[in-house]
Amino acid sequence: MKLLRDKVQQDGIVLSNQVLKVDSFLNHQMDPVLMQEIGKEFASRFAAENITKVLTIESSGIAPAIMTALEIKVPLIFARKQKSLTLRDDIFTEKVYSFTKQETNEITVSKKFMDASDHVLIIDDFLANGEAAFGLARVVEQAGASVAGIGIAIEKAFQPGGAKLKEAGYRLESLVRIAGLEDGEVQFAEADEVVTP
Ligand code: G4P
């Protein structure tokens, strides 16, 4: 997606070989016009699916996910993160380990909002090791619902999440794929060389 790729190129800050800072438009200050375009792009890529819910994880996934849900005209659910949890019957819970933050969060979704009739599109801002996406997919599967696919704004293709999700059989749509962050520069993956307007 050209708009997002240009934004990453112009405003992304390479913090290290592993981490790209995008807090001026994606995960602190947010660009609403860009978010709207991201929502349209995901809605169009998954138009053939009969999606009933969009699912993301707080906090930075919420903006691209609400715009996607708005386009598809279905509800958005965001999984909540908490450090520890008193077990309760009315929520789905899964453990998600973050390599970036070196912490495990329990993610929770109320059973009220998802059931076996749902076909769920998972959206997130970043894909690195895939832990968050797999955790969300496990929540969907706990509910007996089906995963329509996984839409990611920025995939760090040099980390294993994308390959693992595809290997597990999920349809993955990443709007921008980053091949590397060497020498303080963003290298885009080849698939993004052919850009759509
Ligand atoms: P994974 O889910 O793919 O395994 O990724 P990982 O655990 O490594 O990432 C955990 C958090 O770090 C996620 O945010 C993810 O969005 C963020 N993240 C990963 N790589 C980068 C990066 O290169 N740049 C930036 N800016 N963020 C990155 P989170 O825990 O869900 O936090 P939140 O910001 O959504 O609240």
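Residues numbered from 1 in each chain as written. Predicted model: local features only at pLDDT ≥ 70, side-chain atom pairs only at ≥ 80, totals over all residues. Heavy atoms only, no water.

## Some remarks on the site of the ligand
Here is the rule we go by: For this purpose, a residue is taken to be near a molecule or strand whenever a single non-hydrogen atom of the residue falls within 4 Å of it. A 3.5 Å cut-off defines polar contacts: any pair of N or O atoms within that distance qualifies, except that in protein one atom must be a possible hydrogen donor and the other a possible acceptor, and neighbouring residues in sequence count only when both atoms are side-chain atoms. To be clear on the numbers: accessible area is Shrake-Rupley with a 1.4 Å probe, and residue cover counts the displayed protein chains and nothing else. For the purposes of this entry, the term helix denotes a DSSP run of H or I that reaches at least four residues, the term strand denotes a run of E that reaches at least two, and both are numbered from the N terminus. Each residue gets one of three labels, nonpolar for Ala, Val, Leu, Ile, Met, Phe, Trp, Tyr, Cys and Pro, charged for Asp, Glu, Lys and Arg, and polar for the others, Gly among them.
Taken together, 22 residues form the shell around the ligand, and within it L20, T100, A128, G130 and K156 come nearest. S59 is positioned with one of its side-chain polar atoms (N or O) 2.8 Å from an oxygen atom of the ligand. Residue K81 places a side-chain N or O atom 3.2 Å away from an oxygen atom belonging to the ligand. Within the complex, the protein chains bury 88% of what would otherwise be the 710 Å² of accessible surface of the ligand. Mapped onto the shell around the ligand, the elements with two or more residues apiece are β5 (91-98), β7 (119-127) and α4 (131-142). Of all the elements, β7 adds the most residues to the shell around the ligand, at 3 residues. When the residues that make up the shell around the ligand are grouped by side-chain class, the tally is 8 nonpolar, 8 polar and 6 charged.

## Quick word on helix α3 (residues 62-72)
For clarity, the cut-off: A 1.4 Å probe rolled over the protein chains alone gives each residue an accessible area, and that area as a share of the maximum for its type sets the label: buried under 20%, exposed over 50%, partly exposed in between. Contacts between residues were defined by any pair of non-hydrogen atoms, one from each residue, lying within 4.5 Å.
What α3 keeps buried is the set A63, P64, A65, T68 and A69. Buried residues belonging to α3 abut α2 (32-45), β3 (53-57), β4 (76-82) and β7. After α3 finishes, the residue K73 shows a positive phi value of roughly 65 degrees.

## Observations regarding the environment of I57
Note that I57 resides in strand β3. I57 gets classed as buried once you look at its relative accessible area, which sits at 7%. Sequence separation of I57 and R80 is 23 residues, and the distance between their C-alpha atoms is 6.4 Å. Among residues more than four places away in sequence, those in contact with I57 are I62, A79, K81, I107, D124 and L136.

## Points about helix α1 (residues 2-11)
To be explicit about the condition: Directions are taken from the helix axis to each C-beta atom, and the arc is the one they span.
Taken together, the buried positions of α1 are L4, R5 and V8. The buried side chains of α1 occupy one side of the element, clustering within an arc of 100 degrees when seen end-on. Structurally, α1 contributes buried residues whose contacts are with β2 (20-21), α2, β8 (146-156), β9 (172-180) and β10 (187-188).

## Considerations on the pattern of salt bridges
Using the following cut-off: A pairing counts as a salt bridge when a side-chain nitrogen of Lys or Arg comes within 4 Å of a carboxyl oxygen of Asp or Glu.
As enumerated under the stated definition, the model contains 12 salt bridges in all. Between K21 and D23 there is a salt bridge; the shortest N-O distance is 3.6 Å. Overall, K21 belongs to the partly exposed group, its relative accessible area being 33%. One salt bridge connects K53 with D118, and the closest N-O pair in it is separated by 3.6 Å. Here K53 is found in strand β3, whereas its partner D118 is found in the loop between β6 (103-110) and β7, with 65 residues between them in sequence.

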